[in-house]
Amino acid sequence: MLAVAVVAVLAVLWWVCSRWRDAVSGRTSALLPGVRAPLLLIAHPDDECMFFAPTILGLLQEQRPLSVLCCSAGNYYNQGETRKKELLHSCAVLGIAPSSVTLIDHRYDAQCKDIFQDCFHSSSR
């Protein structure tokens, strides 16, 4: 009985891995039809090169279009403009066109900050 379960698990893993490989390589797949242009979602500038450079280079080597969405300008020390330029330059060096890079720079206002502080203080009690 254990042998049958192991064979079943291996078969499912093989199927999932082959579908994932097809999706990543751009092959048409019944699981993800039409998925050809991945979106790299990063928290702040420098994540693209620190954590995802090998993935980016691999996708671009396969001639796959890639878009980057960055969720903050990294403006903690008032360096947001510099970090934006660094993000665009880093992506250009990696082979991603500036038109494929989007940066969302949402800053918390005082009311939002108060709400977060209230949440953190109440959860620590």
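Residues numbered from 1 in each chain as written. Predicted model: local features only at pLDDT ≥ 70, side-chain atom pairs only at ≥ 80, totals over all residues. Heavy atoms only, no water.

- Looking at an unreviewed UniProt entry, the protein carries the name N-acetylglucosaminylphosphatidylinositol deacetylase, with the source organism given as Ranitomeya imitator.
- Word for word, the UniProt comment on the protein under Sequence similarities (unreviewed entry) is "Belongs to the PIGL family." (UniProt positions renumbered as here; feature names shortened; annotations may be inferred.)

1. Considering the overall build of the protein
And step 1. A tally of regular secondary structure across the protein gives five helices and three strands.
And step 2. The N-to-C order of helical and strand elements in the protein reads α-β-α-α-β-α-β-α.
And step 3. Considering only intrachain contacts with a sequence separation of at least 6, the fraction spanning at least 24 residues in the protein is 69%.
And step 4. When the accessible surface of the protein is split by element, carbon and sulfur atoms take 64% of a total near 9,300 Å². (Helix = DSSP H or I, 4+ residues; strand = E, 2+ residues; numbered from the N terminus. Contact = heavy atoms within 4.5 Å. Areas by Shrake-Rupley, 256 points an atom, 1.4 Å probe, with all protein chains shown as cover.)

2. Some words on the nonpolar core
And step 1. Residues V68 and I96 are the most contacted members of the largest nonpolar core, which totals 13 residues.
And step 2. Broken down by secondary-structure element, the contributors of at least two residues to this core are β1 (39-42), α3 (53-61), β2 (67-70) and α4 (80-94).
And step 3. Ignoring sequence-local partners within four residues, the contact set of I96 consists of I56, L60, L66, V68, C91 and V101. (Core = buried A, V, L, I, M, F, W, Y, C linked by side-chain atoms within 4.5 Å. Buried < 20%, exposed > 50% of the residue type's maximum accessible area, 1.4 Å probe, protein only.)

3. Focus: unusual backbone geometry
And step 1. For D46, which is not glycine, the phi torsion reads 95 degrees and is therefore positive.
And step 2. Overall, the relative accessible area of 28% leaves D46 in the partly exposed class.
And step 3. Positive phi is not limited to glycine here, since N78 has a value of about 55 degrees.
And step 4. Tracing the chain through its elements places N78 in the loop between β2 and α4.
And step 5. Residue classification places N78 among the exposed positions, given a relative accessible area of 69%.

4. Some details on the pattern of salt bridges
Pairing of side chains with opposite charge becomes possible as their charged atoms draw close.
And step 1. Applying the stated criterion across every chain yields a total of three salt bridges.
And step 2. Between K84 and E81 there is a salt bridge; the shortest N-O distance is 3.2 Å. Of the two residues, K84 and E81 both sit in helix α4, three residues apart, roughly one turn of that helix.
And step 3. Of the residues examined, K84 reaches a relative accessible area of 23% and is grouped as partly exposed.
And step 4. Accessibility expressed as a relative area gives 52% for E81, which makes it exposed.
And step 5. Residue E86 pairs with R83 through a salt bridge whose shortest N-O separation is 3.8 Å. Remark: R83 and E86 occur in helix α4; sequence separation between them is three residues, near one turn of the helix.
And step 6. Within the structure, one salt-bridge network assembled from shared partners comprises D46, R83 and E86. (Salt bridge = Lys/Arg side-chain N within 4 Å of Asp/Glu carboxyl O.)

5. Remarks on α3
And step 1. Where α3 is concerned, the buried positions are A53, I56 and L59. Seen along its axis, α3 keeps its buried residues to an arc of 135 degrees; they face one direction. Among the exposed residues of α3, those pointing more than 90 degrees away from its buried face are P54 and Q61.
And step 2. One or two steps after α3, the chain reaches Q63, where phi turns positive at roughly 65 degrees. (Arc of directions from axis to C-beta.)

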